[in-house]
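# Coordinates in review
In case you want the letters, here they are:
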Amino acid sequence: MEVQQDTRPDGFAGQHLVVVPESILGKTVEHPLLRSLLVTDAGYFPRASGHEMRRPQGAAAAILILGREGRGWLELGTEPRRTIHPGEVILIAAGVPHH
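Throughout what follows, the structure given in this document is the object of discussion. (Residues numbered from 1 in each chain as written. Predicted model: local features only at pLDDT ≥ 70, side-chain atom pairs only at ≥ 80, totals over all residues. Heavy atoms only, no water.)

Here we come to the overall build of the protein chain. Assigned secondary structure in the protein chain consists of 1 helix and 6 strands. Counting helices and strands in the order they occur from the N terminus, the protein chain gives β-α-β-β-β-β-β. Sequence separation of 24 or more characterises 58% of the internal contacts of the protein chain that already satisfy a separation of 6 or more. (Helix = DSSP H or I, 4+ residues; strand = E, 2+ residues; numbered from the N terminus. Contact = heavy atoms within 4.5 Å.)

This is the structure we're talking about:
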């Protein structure tokens, strides 16, 4: 598999990323109503050409991606690479390998 040489996980112009601190997460996961609805990270990544994240073991939490413009690709588990188009919503379950 060929990977672009100029790839990076983040650090794009106009990017905004908010991550809930561990001190708050620890309290929230104990709450019976919030523990299954908890959003831990939220971000906006405009003009993210070259964005690439490889997680062979998957992520600890589910990931929801909404593509507004442009296009990209996704390899999910053992499925072949597929193109992602504007307006598509991708849900990657926790623990599912992806690239």
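Structure shown, so let's carry the discussion forward.
Take the environment of Gly14 next. Relative to the assigned elements, Gly14 resides in the segment before β1 (16–19). We classify Gly14 as partly exposed; its relative accessible area is 39%. Leaving out residues up to four positions away in the same chain, Gly14 has contacts with Tyr44, Pro46 and Arg47. (Buried < 20%, exposed > 50% of the residue type's maximum accessible area, 1.4 Å probe, protein only.)

Let's shift gears to the pattern of salt bridges. Within the structure shown, the criterion is met by 2 salt bridges. Across the pair Glu75 and Arg81 runs a salt bridge whose closest N-O atoms are separated by 2.9 Å. Close ionic contact of Arg82 with Glu88 constitutes a salt bridge, the shortest N to O distance being 2.5 Å. The partly exposed category is assigned to Arg82, whose relative accessible area is 35%. (Salt bridge = Lys/Arg side-chain N within 4 Å of Asp/Glu carboxyl O.)

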